[in-house]
Every structure is written in C-alpha cells, then in structure tokens.
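An overview of the molecular structure
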Amino acid sequence: MRSVATTQRYDTWTLLLTFGLVGVGIVMLYSSSADTAVELTGDHMFFLKRQVVRVLLGAALLFICSRLDYHHLKGFANWLLVGSLFLLVITPIVHHATGGEGAGRWLPIGPISVQPSDFARLSLIIYLAAYLDRKGAHITHLGRGFLPAVVVIGCTMLLIILEPDFSTAALLGLLGLTMLFLGGVRGKHLASLSAISLPLLTLIMIIKPYRLVRIQTFLGLIDSPKAEYQISQSLISLGNGGWLGQGLGNSVEKKLFLPAPHTDFVFAIVGEELGFVGAILLLIAFFWLFQRGIVIARNAPDRFGMFLALGIVFNLMTYVLVNAAVVTEVFPNTGIPLPLISYGGTHMVFTLISLGILLNISSATRRRRWDRNLVHAKARS
Amino acid sequence: MTRLYLQYRPRVILVNTLVTGLLLAVIGKLFYVQILEHDVYHNRAQRQSTNVEVLPAIRGNIEDRNGELLTSNIIHYSFAADPQVIEHPDTLVTLFARTFHRPAAYYRKQLAADRSFVWLERNVSRSRCGEILAHQPQGLIVRREVRRRYPYGHIIAPLVGFTDVDGKGISGIELEYDTFLRGKKGWQVLRRDAKGRVLFSSGDNGQMPIHGARLRLTIDIDYQSIFQEELARAYERLAPRTIHGILIDPRTGEILALAQHPSFDPNRPWASPAADQRLRAITDMYEPGSTLKVVPATAALDAQICSPVDEFDCENGEFAYHSLLIKDTFPSDTLTFSEIIAHSSNIGIVKIAENLGPDLIYKFCYRFGLGARAGIGLPGESPGLLRKPVDWSAVSTGGIAMGHEVGVTTLQLGLIYSSVANGGQLMRPLLVADIQSPEGKELVTNRPEVIRRVASPATMEQLRRILYYVVEEGTGSEARLPGYAIAGKTGTAQKFLDGSYSDKEFVATFAAMFPADEPKLVCLVAVDSPKYGSHFGSGAAAPIVRNTIKRILNQDDDFYIPPQPSQMSAQEKLHTPYTLATAGLLPADTTPGVVPDFRGSSLRKALRLARRAGVRLQMEGFGRVVRQSIKPGTLVDFNEVCLITLAPESE
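Position numbers for residues count from 1 along each chain, tracking the sequence in the order it is written. All chains are assigned letters beginning with A, and all ligands numbers beginning with 1, in the order in which they are written. Local features in this predicted model are restricted to residues of pLDDT 70 or higher, and side-chain atom pairs are both shown and tallied only at a pLDDT of 80 or more, whereas totals for entire chains, interfaces and linings draw on every residue. Hydrogens and water molecules were not included; the side-chain quantities draw on all heavy atoms of the structure.

1. Some words on empty space enclosed by the protein
- Lining residues are defined by having an atom within 4 Å of a point belonging to a cavity or pocket. Those points lie on a 1 Å grid over the protein atoms alone, cavities being sets where a 1.4 Å probe fits but cannot get out and pockets being open sets with protein on both sides within 12 Å along at least five of seven lines. Grid points are joined across faces, edges and corners, and a volume is the space filled by probe spheres set on the points. The full count for this structure, using the stated rule, is three cavities of 30 Å³ or more.
- If you add up the space inside the largest cavity, you get close to 110 Å³.
- Looking at the lining of the largest cavity, the elements that each hand over two or more residues are helix H5 (116-135), helix H12 (303-327) and helix H13 (345-380) of chain A.
- In this count, Pro and Cys sit with the nonpolar residues alongside Ala, Val, Leu, Ile, Met, Phe, Trp and Tyr, while Asp, Glu, Lys and Arg are called charged and the others, Gly among them, polar. When the residues that make up the lining of the largest cavity are grouped by side-chain class, the tally is seven nonpolar, four polar and two charged.
- In this structure, the second largest cavity spans a volume of roughly 60 Å³.
- Leu182, Phe290, Ile294, Leu310, Val313 and Phe314 of chain A together with Val12, Val15 and Asn16 of chain B are the residues that line the second largest cavity.
- Helix and strand definitions here come from DSSP, where helices need a minimum of 4 consecutive H or I residues and strands a minimum of 2 consecutive E residues; each element is numbered from the N-terminal end. Mapped onto the lining of the second largest cavity, the elements with two or more residues apiece are helix H11 (266-298) and H12 of chain A together with helix H2 (9-36) of chain B.
- Residues belonging to the lining of the second largest cavity are distributed by class as follows: eight nonpolar, one polar and no charged.

Here you go:
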C-alpha cells in the first residue's frame, strides 16, 4: 500500500501530458522555426537552442514548484500581485526610457527580457484563489466580495492594456471573471458588470485602428490585404495538411509564406505537417490536461487548491482554444501563443511553473486519499 | 470528489461545457479547412510554393550531306530581377552598367518598379555577359534562351528557311520539318520560398525534354556555296530580276544545291522582301523555251518516228505555222534532227512535233512530269502547267515543242534533264537524306525512288550525244570546258506579259549534265529578264553553268583527275618551266600553277605558299587553315582565287 501510494504521488496523466506536449512542442518549434531562423540569423537552430534553455529552466522550476507545498503561496498571494503590478507599471517606463518603440510588453532584466503580463497572470490566479478561499460564501456580497476582486482584475487589465496588449488583457479579464464565477459570485453581479464593461472594452478596442481593421476584416466588412494575408496563409497551411499532413518537416508554408510560423501560428504548421489527425490529437491532449485539472480540483484538499487548479487549467485551455480559434479563423486575428508549443520564454516558463503547482495540488490530493486509506486500515485493524 | 467541490460543481460543469463547445467549434472548422477544403488549399499552397520551369528542347540541327551544320543553336542570356529581393541594388546596377555600357540610371529606374519581375537585359550572347554569369548577385534571374543561327546565311537561306523568336519554323525546311526539328519541351517543378528563391527541384514529377531530331539534307554545302557565288557573280554582270538554279545527282534524284540570287539573311529575315525568301526553283513557274525541246526530241526518238540523222527543211529561217510566223535565230536551209537540237531551230522542232502529233507530245510531257508536283516535300511547290490536248489550239503542238504554252519550275526542268542523264528514269527529287533522333535512331531514311520510266536508255543515250554536240558545236558552246565532256541545252523564252510575248524580257535557261557519257551531275540555271549583256540562254546562263562545274571539278574527288607528272610525255616535260620549285629549291608542294595544300598551315605560311604557287588567297576566320575551296594539286590559272577557312587550333 505504501509503495503504491508513493509512486502515485503526482497525477500521472498531468505529468505525462505536460512532458509529452513539451516534447512535441520542441520538435514542432524546430520544424517551424528553422527557415525563419536561417532567414534572420543564418543559424537554423537559433530558436531551438533558446527554447531548449527555457524549457530546461521551466522544467527545473516545475520540479521545484511540485515539491513546494502550494499552501505557502497563499501567504505570498498579495505580495505576488503587488510585485507583478509593479513590474507592469515600470515596464512601459523602462521601455520608453531606453528609447524603445511600439508595444512595451517586454522588461529587460540583464541579458534576457521577460513579459510581465505572464507573471501577472499567474499572480492573479494565485491571488484570486486565495481571495475566494478567504471570502468563502461572502463572495456573493457585492461590496465585500465581488467588487474588490473586480477592481484588482480591472487594474491588472488596465496596466496590460496600456502596454498595449489588448488580447492578453482580455484573456486575463475572462480568466478573472471565470474564476469569480466558479467561486460563486452572483449571476446578476456578473451580468451588470458585463453590461457596464462591454461598451467600455469595445471603445478601448476600437481606439487603436489596427484592432478595428482586424475585426472588420474578420467580419468581412473591409478588404485589408495585409491583415488578411497571415490568416489566409494560415488556412492554406492547415488545408494543405489534409488528413495526415505533409509529413514532419515538409511544410511549405513555413518557407516564409506564413508570418510567425513558430510563435502565434505554430498550430497551423502542426496542422500542415501532421494533418487533421495530428492537430486533433494535440487539441485533445490539451483538453485531456484540462480535464485532469478539473479532476485534481475535484479532489483538492481545500478551497485554495481547488480554485488554484481550476484557474491554472482554465487559463491554459483558454490560451489553447483562442490560439486554435485564431489560426482556424474562428476568432479574429490576435497575437496569442500556443502554450508549451509556441516560441516564447516567459510564457513557457510560467506555464511550466503553473503546471508544477498543479502537480503539487494533485500530490496533496493523493496524500490525503492515502491518509484516509491508512485511517480505514487502522480502523479495520 | 470532496464535499467542498460539490457546491461548485454545477458552475464547473457549465464552464467545462463552454470550453468543450468552443473546442468542438475549432475542431469543426479544422475539419472543414483540412478535409473538406483540402484540395482548394492544397492547390493554393502548391501554386504559391512552386515554379514550373520549362525545360526547352534544343531544336534539331540541319546538316548538309556531309554533316556540315547549316544551323546552330546559340545560347543567349536574358537577365531579370525581382526588385523586392535584390539585396544590394547598387552593386547590381554598377555591375550591369559596367558590363552593358548603359547608364546606371536606366537600371536604377527598372529596379525602382513596384513589380516582382523586371527585365534588365534581354538576349545577350555569352561573350557579352562578362562577369555577371560568374557571380550572379542575389535576386538576379537568369534565363537561358536558345537562338537559332544560320552560319551559312544567305547561301542556303530560301531552302533551309528560318524560325521565329520562339524557335518555331516559319519557312523552308524549318517549317516543313518543324515537328521533327522542334522536339518536345520538358518541365520540372521547383519548390520556392515566399521570396521567390528556388529551394530545390521537387524531383517527383517533371518531364525531361526530348530534343529535336537531326535532319540531314542531300545538299552539298560546298556545291551550294560555289553555285550561290556564281549566281551572285552573274547577277552583277546581267542585272536580271532574279537568277536561280539547281544541281541534281541524276542517278538518285538527290538535290545537291538549290541556289538563288537575290537571297536573304535568315538571321535577319525581316530585313528582306518576302519575294526573296521564297524558293524560286520550286515555287516559280515559267515558260522554259528551248530547254524543253528535249521533250519532243525524246518522243521522236523513243517512238522511233525520227532518227538523229533525218533531215528537215528549215525554210531559211521563216516559217508560217498556221497563224504564227516562226523565226530561227540562225536561218538554215536543211538541218538534221541533231542539228535542229544543236542550233535550237524552232522551225525544225515544230516540224518534228507536227510529225509526232499532239497526243505523243502530251504523253511525253506527262511522262516527264510536267503539270504535276514532283513531291519534293516543301511548302509552296508549284505543279507547273500542262493543259490537256483537248484544250489545245492549232499551234499548241508546235508551241509546246518550243517550250511555250506550258509552265515548268526549275525543279521540274532539272528532273527532266536528270532523266535524260540517267537513262530515262524520272526520279523523285530527294532533299532530305535522313532524320535521326538525338539518340541516333533513324526516324526517316529516304532512298532514291523512280517515279516512272520516261524513255529507253538507248533513246536517252542518243539524246545525250546530241546534247553533247550542243555544247561542243551548237548554241551551248559557252559552256564548254576544255578537256571535259559536257552535254547541255540552251533556252531563251520570251516572257508572256500582259497578254503577249515580250521582246524585251526573256527567261534565259541552260541545262547541263556532266560528264556527258555517264552524267553524275545535272546543273540548271534560269535567269529571269537579264538587263545587260546577252539575254540568250547561251550568253547569259551557260557561262554560269560552266564556271560552276569547273569549280566543282576542281573541288571534288568524284570528278577530280589529278595531274600526274610521271605520266607526262617528254614533250610536256620539256615545256614545264624551269623554276625554283622544279629545280628542287622550293618545297615540292609549291609548284607554280598547282594549288598547294594549305591545310594545317598558319596564315603566314599559307600566304607564302600561295605567293610561290601563284594563287591568290581569300580568307575567313583566324587560326590555322581547315578548309580550302580548291583542292590541293589542282592546276589553276595564274592568280586564281582560292578561298581558305581558318579556325582556332583547339576546335
């Protein structure tokens, strides 16, 4: 009994799926990035090498997080949120101070640059999990339960919108509200909030002309060759795949036809090289990970662990689905990475950290069940 | 499941359902794009990521009977660029401006265009490309294009014809045998990236080109060159409208030369009038005049109605033939059959024809192939004109015997004389000896073909003797070549212009065969409306034939009779001038009056040899001598011109 319990410490499916997806991710990253890498740097492994370093770093952090009792996070929750908000505030300042142009989504720390929004997202999940745990049934209260959380979510969103990174902010808002919804807030609170914030969000969205163009292009209202090009290449890439794909490495779209083949549109290359079957299997793997997350939440020993697990897997699945929806033109074009597959350091590292926390929650669950079994055994004896 | 979870479960299930729904939507879209619309997107991917490159088939070459190339395919280069891909436009502009001596601004303007393909230079020969081909800058598109060149230029242009810029046959052999010559294009699929750079040949599909077949003519380009040159020279002397001729091997019907002047430059066909581009020997029909007298003569001899010694009253040069007054150039009292031919008496031949009657005349005209295409297999061949006896007038029998009221082409006339020469067989004219595929497979092999027997060999031998007499003593004496037996016949036809026979414009013809006893060569020349000098076949056409035959004699082993000093009589040895050479003080190969062997020598040495031998040189090319127009050892007049061709040693 004891030996069985120790080998079952972590949720096996979560572990296998995580590393399976990371493995597939590295293969697909190399396949999709090699031509772009040659074009930009002359080294076909340029992106691969960097991604491997991040995966190794992420795997180490995953290991650490899975060993640290997640309950410690409850105490850090406020500080993590404050820290990430601070980073979000200073990022544009540093960006402009160093004479950067365009979107200030990156914060240079020494030789590397990180995306504070990824940190903020994990912080918010932890914070909201702790908040929901603390409030318990009081979450239904407007002034003491619902609004303070909305303000925190709104502030984080605002800072990310100012970077500007509207789609990340929108997904963060969706994540926050979903967690509140799961946490038991009243439906009419959420409905009122939606009624107020949707016009506001729409306004923010159409302030920037390029977003309006993307939306209009998506709706077929205008003809914008540039906005259409990427998505049409994405569809060609997917469609070229057919049932079983062109075979690993045989994508023609990655030969510079499809922009960003190794970041936001890596899923299109997956579809082209591994076909419909490969693309579906990848989606199912993520979906299965999501279901494992719900199982872990279901068996979590406490409310904090439950909401943490739900937040982590919901966030992961949202990214996967929105990315796939953009690539398949179900949603308008926006820059969302595919977790564990797309090139991008911060996102990879924080995704692996969050999965480490998830594993830790699962191990707590198992331990508890094992304890219970032990109690039963003792009782019988 | 914990009890804690149960209270949140409905909301988790709701969220889970929404997530699953979105997943299904994405999967549905994936199915639509990847499976249902696969063909559409696959085609679009193929279209944008591949270039189909046409692999041109190299057009087959046309050769003369000895394999000398009458055509060649020169590779030209065209340069284009994709301005969006060019990485260092300035380098490219400088390179092009330096190589092609155009202002740099021109190329800069081209590269500024908002297109993905602009021409920079087109159709440049390799030698002009300079260093561009050696290191092609990024983004430069180089196209190889094969251009047809005709090294013999106007010499054989109307026969060989020419092609358009796309390498399609437009006239002559190039047109008629286009299907053989052009081959079949191949293609290959090249993968390319979004910037248009070719990545690799996709290899799995494609088609290698099938190159064009090699076509060997029966033409001997040496004879052709000589003939063409003699025609051109005569053109200077006579200033006719046109002048053309044919050389046939009577034994086989092979056409050895088909020359005409004015001709045109097939490398620049647009610069010449279309009239000069047609092959007059097969397209132009005319009334031949006296050269056709061999037809009634053959009829008379073959039907044994006359013998060569029968005498006819030639009426002292004027004879009223029905409504016509017939005159002879040389009035005579009585002439034998042979003399009538030899002196080309119109009155005599009319009387012979009247003896034969219209049916026999028609029968032999028909047998000799008048009024029917000989089947040379070239576009525009004229069948000539021969009416049926029912359509003839009272004077037609005599008129046709004199070579009027019928239309013939030079080819038909040549074949008539060939059948006289070969003992009475009308041969199918041969122009294409064989056609070989690039792998050496024989696609077409033409063998000599007899159309029909015209008359018995004995008849033709009698006739040849008479024709030899024409040259030795009669109207054809201008064609005499001392020491050689040539048979021939003159003809001078008034042209039928505006409803009556002109007394200013004539067609002068001369047909000859050589050697007279067993002819190997039939040569026919037609001069249309000579302006200066003689307008007669004897004065205008015969010398051309003589000069041509003389030069061929000197050139060709078949006819060559080498001088053999050892067999010289003592008398001749006495008369051999005492020179440095005969005294053994000069190399034996430089006997004065004997063409030395220039081949293999440098130009300097060739000039020295020529000076000693008393031969004038005309040269073309550079390097060492590879050809000479007069055979070594040929006895020539002092200061005869010998054409030598030089070529670099490596080739």
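Still more to cover.
2. Focus on the pairing of strand S19 (residues 442-445) of chain B
All names here are of chain B.
- By this definition, two strands are paired if DSSP reports at least two bridges between them. By the bridge criterion, three bridges tie strand S18 (residues 432-436) to S19 in an arrangement that is antiparallel. Residue Asp434 lies in a different strand from S19, and its bridge partner there is Thr445.
- Between the antiparallel neighbours S18 and S19 lie five residues, among them Gly440 with a positive phi of about 95 degrees.

3. Considering the packing of helix H4 (residues 71-97) of chain A against helix H6 (residues 142-161) of chain A
Residues and elements named next belong to chain A.
- Between H4 and H6, whose axes approach to 9 Å, the crossing angle comes to 25 degrees. The orientation of H4 relative to H6 falls into the category roughly parallel. At the point where H4 passes H6, the crossing takes the left-handed sense. Packed against H4, whose contacting residues are Leu81, Leu85, Leu88 and Val89, the element H6 presents Val152, Thr156, Leu159 and Ile160 at the interface.
- Taken together, the residues of the contact of H4 with H6 break down into seven nonpolar, one polar and no charged. Fitted lines through C-alpha atoms give the axes, limited to the stretch in contact for helices. The angle between two N-to-C directions lies from 0 to 180 degrees. We call two directions roughly parallel when the angle between them is under 35 degrees, roughly antiparallel when it is over 145, roughly perpendicular when it lies between 65 and 115, and oblique otherwise. For any pair of crossing helices, the crossing counts as left-handed if the nearer helix is rotated counterclockwise from the farther one by less than a right angle, and right-handed if it is rotated clockwise. We call two residues in contact when some of their heavy atoms are within 4.5 Å.

4. Re the environment of Pro331 of chain B
All names here are of chain B.
- By the secondary structure assignment, Pro331 is in the loop between strand S14 (324-327) and strand S15 (334-336).
- We call a residue buried when its accessible area falls under 20% of the maximum for its residue type, exposed when it is over 50%, and partly exposed in between, using a 1.4 Å probe and counting protein chains only. Overall, the relative accessible area of 56% leaves Pro331 in the exposed class.
- Note: C-alpha distance between Pro331 and Gly317 (14 residues apart in sequence) is 3.9 Å.
- With residues near it in sequence (within four places) discarded, Pro331 still touches Asn316 and Gly317.

5. Brief notes about the nonpolar core
Residues and elements named next belong to chain A.
- Within the largest apolar cluster, 118 residues are counted, with the highest numbers of intra-cluster contacts made by Leu180, Phe267, Leu283, Phe286, Phe307, Leu308 and Ile357.
- At 19 residues, H12 tops the list of elements feeding residues into this core.
- The residues touching Phe286, leaving out its near neighbours within four places in the chain, are Leu21, Leu316, Met317, Val320, Leu338, Pro339, Leu340 and Ile341. For our purposes a nonpolar core is just a set of buried Ala, Val, Leu, Ile, Met, Phe, Trp, Tyr and Cys residues, chained together by side-chain atoms within 4.5 Å.

6. So, unusual backbone geometry
- That bond from His261 of chain B to Pro262 of chain B is cis: its omega, 0 degrees, falls within 30 degrees of zero.
- Checked against the element boundaries, Pro262 of chain B lands in the loop between strand S10 (254-261) and helix H11 (280-283).
- Cis geometry marks the peptide bond from Phe514 of chain B to Pro515 of chain B, where omega comes out at -15 degrees.
- Here Pro515 of chain B lies in the loop between strand S22 (500-514) and strand S23 (521-528).
- In this structure, Leu340 of chain A takes a positive phi of about 70 degrees despite not being glycine.
- You can see Leu340 of chain A is positioned in the loop between H12 and H13.
- One non-glycine residue with positive phi stands out, namely Glu405 of chain B, at about 65 degrees.
- Mapped onto the fold, Glu405 of chain B is located in the loop between helix H16 (396-401) and strand S16 (408-409).

7. Description of the pairing of strand S9 (residues 242-249) of chain B
Residue and element names in this part refer to chain B.
- For S9, the tally of buried residues reaches eight of eight residues, placing the bulk of the element in the interior.
- Judged by which residues are buried, S9 turns out to be covered on both faces: Thr242, His244, Ile246 and Ile248 on one side and Ile243, Gly245, Leu247 and Asp249 on the other are all buried.
- Across seven bridges, S9 lies against S10 in antiparallel orientation. In the sheet register, Leu247 faces S10, and the bridge partner there is Ala257.
- Hairpin connection, S9 to S10: the antiparallel pair is bridged by four residues, and Gly253 has positive phi, about 80 degrees.

8. A word on a positive patch on the surface
- Patches draw on residues past 30% relative accessible area with no salt bridge. Two like charges within 9 Å are joined, as are two nonpolar side chains (Val, Leu, Ile, Met, Phe, Trp, Tyr) within 5 Å. Throughout, the Shrake-Rupley method with a 1.4 Å probe supplies accessible areas, and for residues the shown protein chains are the sole cover considered. Throughout this description, the term salt bridge denotes a Lys or Arg side-chain nitrogen within 4 Å of a carboxyl oxygen of Asp or Glu. Just so you know, the count uses Lys and Arg for positive and Asp and Glu for negative, and it drops His and the chain ends. The location of each charge is read from NZ of Lys, CZ of Arg, CG of Asp or CD of Glu. There is a patch of like positive charges on the surface, built from Arg604, Lys605, Arg608 and Arg611 of chain B.
- Within the secondary structure layout, Arg608 of chain B lies in helix H21 (residues 603-613).

9. Thoughts on the pattern of salt bridges
All names here are of chain B.
- All chains considered together, the criterion is met by 36 salt bridges over all chains.
- A salt bridge links Arg627 to Asp222, with the nearest nitrogen and oxygen atoms 2.3 Å apart. In this pair, Arg627 is assigned in strand S25 (residues 624-628) and Asp222 in helix H10 (residues 221-238), connecting sequence segments 405 residues apart.
- Residues Glu230 and Arg551 are paired through a salt bridge, measuring 2.9 Å at the closest nitrogen-oxygen approach. Within this pair, whereas Glu230 is found in helix H10, its partner Arg551 is found in helix H19 (residues 537-555), the two being separated by 321 residues in sequence.
- Note on Glu230: relative accessible area 3%, which makes it buried.
- By sharing partners, the salt bridges in this structure join Arg59, Arg148, Glu174, Asp178 and Arg182 into a single network.

10. Structural notes on the sheet that holds strand S24 (residues 616-621) of chain B
Residues and elements named next belong to chain B.
- Spatially, the three strands line up as an open sheet ordered S24-S26-S25, and their pairing is mixed. Either end of the sheet is taken by a strand with one partner, and the two such strands are S24 and S25. Going from strand to strand, the sheet's axes swing by 35 degrees on average, the running direction of each strand aside.
- The pairing of S25 with strand S26 (residues 641-647) spans four bridges and is classified as antiparallel. Paired with Gln628 across the strands is Ile644, a residue of S26.

11. Let's talk about the interface of chain A and chain B
- Counting residues at the interface gives 53 residues for chain A and 37 residues for chain B.
- Defined in terms of a 1.4 Å probe, buried area is the accessible area two parts forfeit on being brought together, summed over both. Carbon and sulfur atoms supply 72% of the area buried between chain A and chain B, which totals about 4100 Å² over both sides.
- Linking chain A to chain B there are one salt bridge.
- A salt bridge links Lys29 of chain B to Glu329 of chain A, with the nearest nitrogen and oxygen atoms 4.0 Å apart.
- Each polar contact in these results corresponds to two N or O atoms within 3.5 Å; when the atoms are within protein, one needs to be able to donate a hydrogen and the other to accept it, and residues that are neighboring in sequence are counted only if both atoms are side-chain atoms. Applying the counting rule to chain A against chain B returns 12 residue pairs in polar contact (both at pLDDT 80 or more).
- Secondary structure elements with two or more residues in the side of chain A that touches chain B: helix H7 (166-183), helix H10 (225-241), H11 and H12 of chain A.
- It is H11 of chain A that provides the largest number of residues to the side of chain A that touches chain B, a total of 13 residues.

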